[in-house]
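Overview (structure and organization)
Spelled out from the first residue to the last, the chains are:
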Amino acid sequence: MMELQEREAVPVFTEVDREKFLRDVYPQRRPAVLRGVCLGPCLHKWTVDYLRRKGGSKQVKIHVSTVPQMDFLRKNFVYKTLPFNEFVKRASENKHTDFFLSENESYYLRSLGEDVRKEPADLSRQFPELSEDFHIPSFFEPEQFFSSVFRISSCALQLWTHYDVMDNLLAQVTGVKRVVLFSPQNALHLYLSVSLGLRFATCFTSSAGSALVRDFVHFQRGGNWEGLSEWGTDSNSAMPLCHGSKVKECSFKKKKGDKSEVLDIDAPDLKLYPEFVKAKRYECVLEPGDLLFIPESYDKKDMYGNKEPVAAARALQAVDRALLTLDQLPANYRDFYGRCMIQRIQKRTYCEGHTDTAPQNSGTTLPSSPSS
């Protein structure tokens, strides 16, 4: 069945400067690979030994999992703290002599601000010695910059599908990364989960070869692009890759949904997630020196800072209240009035002209719920 899923390659642009980006790439509001942009000496300097030496013994909080496919919803990982130089050593290994859970465990670092509740990640503050090696392309005005997120992971790590509410530039420094994106208009086919709590973090990364990812973010119009990245193995490096993103604080306790329940997007359980095959995917493979432009809301969400627009947050709160009211009805009434609500939302909010996402039949757009 998955061979029926529509796929499209993310377009590649070369010799991109500020003028070309703002003229040819940014107005399209579509993902784009930017090849050949100058990222600085990090491309040849950032070896395992160099990162360990320059990064030093600063304590970093990391994700640790016994399997390379990390699952945020089912929490198949634990949080641990290591000195940065020790983390880099372990992340570069295929098998560990020192470990927390198993000798084959996988590691993932996503840099955070000093005060994670108030400050976004900033490479120049958290890792000033390394930030000198990375040149930020001047595609935006300085005041539009929001955060820069440094990510490193074990080879072949895969993160859950998620979205960001700000524009992002994902920079691949070393290694090779596969990225899969889904348009915001495919949300009904992605089985976005209900998350509990005040904060929701999503990151989509995995890697082969060490890599840094910086997020350029600024507020623009919305629409979440679901994004999931996987990593292949770089024959020249056992070190992981990094990618940047943001996290967001929410003022309400329930949110539908910043993470997809479909973890294995290449071989999903279509009995549980039959609608997933209808979601159109956009794919690319990032090489060292590539930048991936990800418009806001192409699923990939980050922590500490990536806030929903106030009106959107209030609208989601209202939806949650409406759903609680529907819970008081018998199942058949709840199903009927739920579909009526969706039809009204579609008529008022869906953008015409999105050929890959426009609903074909407003009466059948409710995705099937996975059986418990």
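Placed above this text is the structure.
The following refers to the structure shown. Everything quoted here is computed from the prediction, not taken from an experiment.

For the rest of this paragraph, the subject is the overall build of the protein chain. A tally of regular secondary structure across the protein chain gives eight helices and 16 strands. Counting all 372 residues of the protein chain, 52% fall into the buried class. Here the contacts in the protein chain between residues at least 6 apart in sequence split such that 85% fall between residues at least 24 apart. Counting every atom, the protein chain has about 17,100 Å² of accessible surface; 52% of that belongs to carbon and sulfur.

With that settled, the discussion passes to the pairing of strand β15 (residues 281-286). Where burial is concerned, most of β15 is hidden: five out of the six residues are buried. As paired elements, strand β9 (residues 177-182) and β15 share six bridges and run antiparallel to each other. For Leu181, the partnering residue across the bridge sits in β15 and is Tyr282.

Once that is clear, we can look at the sheet that holds strand β2 (residues 12-14). Across the sheet, four strands lie side by side as β2-β3-β16-β8; this open sheet has mixed pairing. Each having just a single partner strand, β2 and β8 (168-171) make up the two edges of the open sheet. Looking at each pair of strands side by side, their axes are set apart by 25° on average, direction ignored. Judged from the three bridges that link them, β2 and strand β3 (residues 32-35) form a sheet pairing that is parallel. Considered in β3, the bridge of Phe13 is made with Leu34. Seen against the sheet, helix α1 (residues 18-25) touches β2, β3 and β16 (291-294) and runs at an angle of roughly 150° to β2.

Rules of the game
- Residues numbered from 1 in each chain as written.
- Predicted model: local features only at pLDDT ≥ 70, side-chain atom pairs only at ≥ 80, totals over all residues.
- Heavy atoms only, no water.
- Helix = DSSP H or I, 4+ residues; strand = E, 2+ residues; numbered from the N terminus.
- Buried < 20%, exposed > 50% of the residue type's maximum accessible area, 1.4 Å probe, protein only.
- Contact = heavy atoms within 4.5 Å.
- Areas by Shrake-Rupley, 256 points an atom, 1.4 Å probe, with all protein chains shown as cover.
- Pairing = 2+ DSSP bridges.
- Axes fitted to C-alpha atoms, helices over the stretch in contact; angles between N-to-C directions.

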